[in-house]
Amino acid sequence: LLTGNGPAFCAGFDLGPVVDEPKRLNDFIEELSLLLRSIRRNRAVIIAAVQGAAIAGGCAIVSACDLVVVSPDAQLGYPVHPLGLSPVVSAPTLMQTIGDGPARALLMSGQLIDGTTAHQLGLASEVNDDPQGTGDELARRISGHGPEALAATKHWLNKLDGSLEDDRFTGPVAGSEPLASDPESIELLRRRWGRRG
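One structure accompanies this document, and this report is about it.

**Examining the pattern of salt bridges**
When their charged atoms lie close together, side chains carrying opposite charge are able to pair. This model, assessed by the stated rule, comprises 6 salt bridges. Note that aspartate 166 and arginine 41 form a salt bridge whose closest N and O atoms lie 2.9 Å from each other. Residue aspartate 166 is located in helix α9 (residues 166-176), and its partner arginine 41 is located in helix α2 (residues 24-41); the two are separated by 125 residues in the primary sequence. The partly exposed category is assigned to arginine 41, whose relative accessible area is 30%. Overlapping salt bridges, with partners in common, bring together Arg37, Arg41 and Asp166 in one network.

Written out as structure tokens, the structure is:
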């Protein structure tokens, strides 16, 4: 069961180190891709209980989970283009979760959606005012199921949807690498992230 500590599930990366050293962006993206693969391929059922914001990398984590409970007022999405960044690293799991068209719209628009909309799109499996409590209850119920049967089910779902194919994950990482040396992207990041400080 993955939860946030405080009012947000995960508001994304702290990009301060990238502002000072743009090449570190590639490390952030590669580590996020590895995390998404680890969540998706873990033999255990991974549940996210999402309150508040799940932005950029936070939304990517949500997209990799097996089951997701969100509060109605949760905010999810990828508003990263104004920072000169691409959210494409989360495309493999997002497309598998909500389908090609909705994933394209969410990744390209930069729009934030609420928990109810996330549920309608299939990004969340349940909406509840108490995502933590509902996630705990769901985890307890699932933990009573046969672990080998669950693991076999998850493995075959992953095999059928392409989650076991490394190139689905490594391609977007490689495609994002040029942004770490693109002058326009670096300038956007420095200008816009600097305003936050």
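Picking up after the structure, the text goes on.
**Some words on helix α3 (residues 57-64)**
Within α3, 8 of the 8 residues are buried, which leaves the element mostly enclosed by the surrounding structure. Of the positions making up α3, those classed as buried are Gly57, Gly58, Cys59, Ala60, Ile61, Val62, Ser63 and Ala64.

**Looking at the packing of aromatic side chains**
According to the stated counting rule, one finds 1 aromatic pair in the structure shown. With 5.0 Å between their ring centres and 80 degrees between their planes, phenylalanine 13 and phenylalanine 28 make a pair best called edge-to-face. Here the residue phenylalanine 13 occupies a position in the loop between β1 (2-3) and α1 (16-20), and phenylalanine 28 occupies one in helix α2, the gap between them amounting to 15 residues. Given the relative accessible area of 31%, phenylalanine 13 is considered partly exposed.

Parameters and conventions
Residues numbered from 1 in each chain as written. Predicted model: local features only at pLDDT ≥ 70, side-chain atom pairs only at ≥ 80, totals over all residues. Heavy atoms only, no water. Salt bridge = Lys/Arg side-chain N within 4 Å of Asp/Glu carboxyl O. Helix = DSSP H or I, 4+ residues; strand = E, 2+ residues; numbered from the N terminus. Buried < 20%, exposed > 50% of the residue type's maximum accessible area, 1.4 Å probe, protein only. Phe/Tyr/Trp six-rings, centres within 6.5 Å; stacked < 30°, edge-to-face > 60°.

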